[in-house]
Amino acid sequence: MLTAAPLQTAWAQKAVELQLHGVSAGNYDGAASVRPELLASFHLNPFKRSGVSPYVGGGVALVLTSNESLEYLVGVIGLEWKPGSSRGWFVEVGVAGGVRVATGIQLRRRGRPR
């Protein structure tokens, strides 16, 4: 997950991120396909240095093939461990043209709260 443009003026805005999720490639109905996702998310406590903190997000996903393009609305809810540190794990569930489950490790670069 790559954080593209975090807002930086107030605490509530620091909790909002715009993220370009990994672009996946695969096979859709026999044709090569690519699926990029763009999500905006709200993190309840983005500077928590221990424990877990919930977040919610939404956005769009595209499935692009040589024959067609499909658009999906994406909704996610998740937990991240130590969101204020430089790395931690996350787990999320949601919908985007079907049920989605994701887990992984995030490497973050975040400033300290002011």
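Details of the structure are given in the entry above.
Residues numbered from 1 in each chain as written. Predicted model: local features only at pLDDT ≥ 70, side-chain atom pairs only at ≥ 80, totals over all residues. Heavy atoms only, no water.

Bringing the side chain of Arg100 into the picture now. As for its position among the elements, Arg100 is in strand S7 (residues 99-107). Reaching out from Arg100, the side chain makes a polar contact with the side chain of Glu92 at a distance of 2.9 Å. (Helix = DSSP H or I, 4+ residues; strand = E, 2+ residues; numbered from the N terminus. Polar contact = N/O pair within 3.5 Å; in protein donor to acceptor, adjacent residues only side chain to side chain.)

A surface patch of nonpolar side chains, amounting to about 670 Å² of accessible area, comprises Phe42, Leu44, Val56, Ile77, Val93, Val99 and Val101. Relative to the helices and strands, Val56 is located in strand S4 (residues 52-65). (Patch = residues over 30% accessible without salt bridge, like charges linked within 9 Å, V, L, I, M, F, W, Y side chains within 5 Å. Areas by Shrake-Rupley, 256 points an atom, 1.4 Å probe, with all protein chains shown as cover. Salt bridge = Lys/Arg side-chain N within 4 Å of Asp/Glu carboxyl O.)

Turning to the environment of Arg108, a few remarks are in order. By secondary structure assignment, the location of Arg108 is in the segment after S7. Overall, Arg108 belongs to the buried group, its relative accessible area being 11%. Between the C-alpha atoms of Arg108 and Ser86, which are 22 residues apart in sequence, the distance is 4.9 Å. (Buried < 20%, exposed > 50% of the residue type's maximum accessible area, 1.4 Å probe, protein only.)

On to the packing of aromatic side chains. Considering all chains together, one arrives at 1 aromatic pair under this definition. Arranged with centres 6.5 Å apart and planes meeting at 10°, the rings of Trp81 and Trp89 form a pair that is stacked. Look at Trp81 and you get partly exposed, because its relative accessible area is 33%. On the accessibility criterion, Trp89 (35% relative accessible area) is partly exposed. (Phe/Tyr/Trp six-rings, centres within 6.5 Å; stacked < 30°, edge-to-face > 60°.)

Any two side chains of opposite charge can pair, so long as their charged atoms come close to each other. A full pass over the atoms with the stated rule returns 3 salt bridges. Between Glu37 and Arg100 there is a salt bridge, with the nearest N and O atoms lying 2.9 Å from each other. Placement of the pair is Glu37 in strand S3 (residues 31-43) and Arg100 in strand S7, with a sequence separation of 63 residues. Assigned by exposure class, Glu37 and Arg100 land together as buried. The closest approach of N and O atoms between Glu92 and Arg100, which form a salt bridge, is 2.9 Å. Here Glu92 falls in the buried class, since its relative accessible area comes to 3%.

Next up on the list: the side chain of Thr65. The topology assignment puts Thr65 in strand S4. When neighbours within four sequence positions are excluded, Thr65 is seen to be in contact with Tyr28, Ala31, Ala32 and Ser33. (Contact = heavy atoms within 4.5 Å.)

Fair warning: the whole summary comes from geometry, so function is off the table for now.
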